[in-house]
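If you want the building blocks of each chain, they are given just below.
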Amino acid sequence: MSFNGIKLFKIFGIEVHLDYSWFVAFFLITFSLAEGFYPSMYPDLPKTYYYLISVISAVMLFVSVLLHELSHSLVAVRYSIPVKDIYLFIFGGVALFQDEAKTPSQEFKIAIAGPLMSFFLASIFFTIGYHYPKDDLFNGFLNYIFIVNFFLGAFNLIPAFPLDGGRIFRSLLWKKYGILKATEIASNVGKYFGITLIILGIFMIFTGNIINGIWLSFLGFFIKRASKEALISTQLNYILSRFRVDNIMRTMNPLNPDLTVLDFINFVKPNISTHLYPVLTQDGKILFLDIKDIQKLPYYQQEELTLKDVIKPIDKYVSPEEKLSQAYRYMIKEKLEEIPVRYKDIFLGILKASDIEHIINKHLGQENESTNSRRR
Ligand SMILES: [Zn+2]
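Owing to the predicted nature of the structure, the values given are computational and were not obtained by experimental measurement. (Residues numbered from 1 in each chain as written. Predicted model: local features only at pLDDT ≥ 70, side-chain atom pairs only at ≥ 80, totals over all residues.)

A.B. asks: Before we move on, could you go through the sheet that holds strand β9 (residues 346-352) and cite the residues and values that matter?
C.D. replies: Strand order in the open sheet formed by 3 strands is β5-β9-β8, with antiparallel pairing between adjacent strands. Each end of this open sheet is capped by a strand with a single partner; those strands are β5 (250-251) and β8 (338-343). Of the pairings in the sheet, the one linking β8 to β9 comprises 6 bridges and is antiparallel in character. Residue pairing for β9: Tyr-343 is matched across the bridge by Ile-346. (Pairing = 2+ DSSP bridges. Helix = DSSP H or I, 4+ residues; strand = E, 2+ residues; numbered from the N terminus.)

Next comes the structure, spelled out in structure tokens:
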């Protein structure tokens with residue numbers, strides 16, 4: 001999932017952002033409240049009143065979602081899981097955790113904190129609304145915010161991973177089945193819930209409820225995709241956090257910069273399996289030969305050029321004691337197939353994404369085998 005938008009402010013060290021899609025939601029909500037909800041409940045008021053209260057309602061919806069996400073985040077931070085950003089977008093909010101919960105009980109408490117906050121807010125607005133004159137426009141506002149928070153709490157409790165309810169569900173399965181199997185089950189529920197919403201949305205579109213139908217279908221797509229992404233992220237995190245970069249990096253001896261490209265192609269290249277190769281320059285620096293850079297050279301240039309003519313520095317690297325999960329995430333983010341491993345200023349080797357993927361596949365294979373044999 002990636003978000004783009006504007007930074008709003010920082011609270012408890014967490015950066016709050018508005019994704020551009022949020023503005024679509026803000027516009028739609030304000031418009032439908034000002035043209036539908038408020039005039040139907042409190043007729044014959046000036047239009048500016050309806051729009052004013054609708055804008056305030058939409059802002060309060062945003063504050064409600066933010067408080068929900070902040071509750072998750074503050075519990076997570078208490079368990080030393082860093083949270084850097086909260087994004088508010090068309091389907092609500094998301095707090096980006098830098099790590100996953102370490103135990104089922106941590107996961108349970110982090111997940112339930114959001115809905116509890118929403119129900120708490122709902123009860124406050126319900127109580128104020130209950131004692132407020134019923135025929136006043138402001139009472140409609142209190143009711144709306146009550147409903148919004150109640151819905152936020154209730155919807156998120158649906159056991160479809162990665163919704164809060166899905167995380168709670170996973171934390172309950174975790175003890176019995178282990179995190180990987182628990183995530184797989186919860187993520188499947190998320191997937192089928194997403195598909196159900198898509199079908200429901202399409203049905204609504206065909207029965208004339210077009211805008212809500214479109215929104216619901218997209219929400220379904222979003223949950224379906226998020227359930228898959230969260231599953232992959234858990235698998236990666238769980239499997240790869242048991243390894244360090246130096247467990248699987250390929251150590252290499254730097255080449256002589258005076259070697260011709262042709263000799264490299266004929267004698268060195270057949271014996272290596274990386275496309276980056278270290279070369280030690282005269283002044284003691286390590287630069288890199290990228291096989292892609294020499295592939296298209298005509299034969300006469302291969303004969304003429306030496307490695308020092310084609311090597312270049314690389315400024316992205318990982319350190320040997322880094323967890324493999326962290327290194328792999330960085331490589332995916334930077335779209336790198338290979339990355340040099342460096343300790344302080346010393347070059348150690350090359351880390352290959354395909355080697356990491358090999359580990360993942362091997363472990364997932366074993367995991368499936370062991371669950372199959374248990375079933376038999
Ligand atoms: Zn939540």
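A.B. asks: Any details on the pairing of strand β4 (residues 92-97)? Residues and values, ideally.
C.D. replies: Of the pairings in the sheet, the one linking strand β3 (residues 83-89) to β4 comprises 6 bridges and is antiparallel in character. Within β4, the residue paired with Leu-88 across the bridge is Gly-93. Remark: 2 residues form the turn of the hairpin made by β3 and β4, two consecutive strands paired antiparallel.

A.B. asks: Hey, could you go over the pairing of strand β6 (residues 276-280) for me, with residue numbers and the actual values?
C.D. replies: Every regular strand shows the same layout, with side chains that alternate between the two sheet faces. The buried fraction of β6 is high, at 4 of 5 residues. As paired elements, β6 and strand β7 (residues 286-290) share 5 bridges and run antiparallel to each other. Residue Tyr-277 lies in a different strand from β7, and its bridge partner there is Leu-289. Two successive antiparallel strands, β6 and β7, enclose a turn made up of 5 residues, where Gly-284 displays a positive phi of approximately 85°. (Buried ≥ 20, exposed ≤ 12 C-beta atoms within 10 Å, placed from the backbone.)

A.B. asks: Can you explain the nonpolar core? Please cite residues and give values.
C.D. replies: The biggest cluster of nonpolar side chains holds 51 residues, and the ones touching the most others in it are Leu-61, Leu-88, Ile-110, Phe-125, Ile-145 and Phe-161. Where this core is concerned, the elements lending two or more residues are α1 (20-41), α2 (47-78), β3, α3 (104-130), α4 (137-156), α5 (164-177), α6 (179-206) and α7 (210-240). Core analysis: the second largest hydrophobic core is formed by 23 residues, Ile-239, Leu-240, Tyr-277 and Tyr-328 among them. (Core = buried A, V, L, I, M, F, W, Y, C linked by C-beta atoms within 7 Å.)

A.B. asks: Got a sec to walk through the sheet that holds β4? Specific residues and values, please.
C.D. replies: Overall, mixed pairing links the 4 strands, which are arranged β1-β2-β3-β4 in an open sheet. Both edges of this open sheet fall to β1 (5-11) and β4, since each of them pairs with a single strand only. Strand-to-strand, the axes of this sheet are offset by a mean angle of 25°, without reference to chain direction. Of the strands in this sheet, β2 (14-19), β3 and β4 touch α2, which is tilted by about 20° from β4. (Axes fitted to C-alpha atoms, helices over the stretch in contact; angles between N-to-C directions. Contact = placed C-beta atoms within 7 Å.)

A.B. asks: Please give an account of the environment of Ala-160 that cites residues and values.
C.D. replies: Tracing the backbone shows Ala-160 in the loop between α4 and α5. Considered as a pair, Ala-160 and Leu-297 are 137 residues apart in the sequence and their alpha carbons are 54 Å apart. If near-sequence neighbours (up to four positions away) are discounted, Ala-160 is found in contact with Gly-165, Gly-166, Val-189, Gly-190, Phe-193, Ile-223 and Ser-227.

A.B. asks: Give a detailed account of the packing of α3 against α5, specifying residues and quantitative values.
C.D. replies: In contact at an axis separation of 8 Å, α3 and α5 are set at 160° when each is read in the N-to-C sense. Regarding the angle of α3 to α5, the classification is roughly antiparallel. Crossing geometry of α3 relative to α5 is assigned as left-handed. Here α3 contributes Pro-104, Glu-107, Phe-108, Ala-111, Ile-112, Gly-114 and Pro-115 to the contact with α5, which in turn contributes Asp-164, Arg-167, Ile-168, Arg-170, Ser-171, Trp-174 and Lys-175. Here the residues of the contact of α3 with α5 sort into 7 nonpolar, 2 polar and 5 charged. (Parallel < 35°, antiparallel > 145°, perpendicular 65-115°, else oblique. Left-handed = near helix turned anticlockwise from the far one by under 90°. Nonpolar A, V, L, I, M, F, W, Y, C, P; charged D, E, K, R; others polar.)

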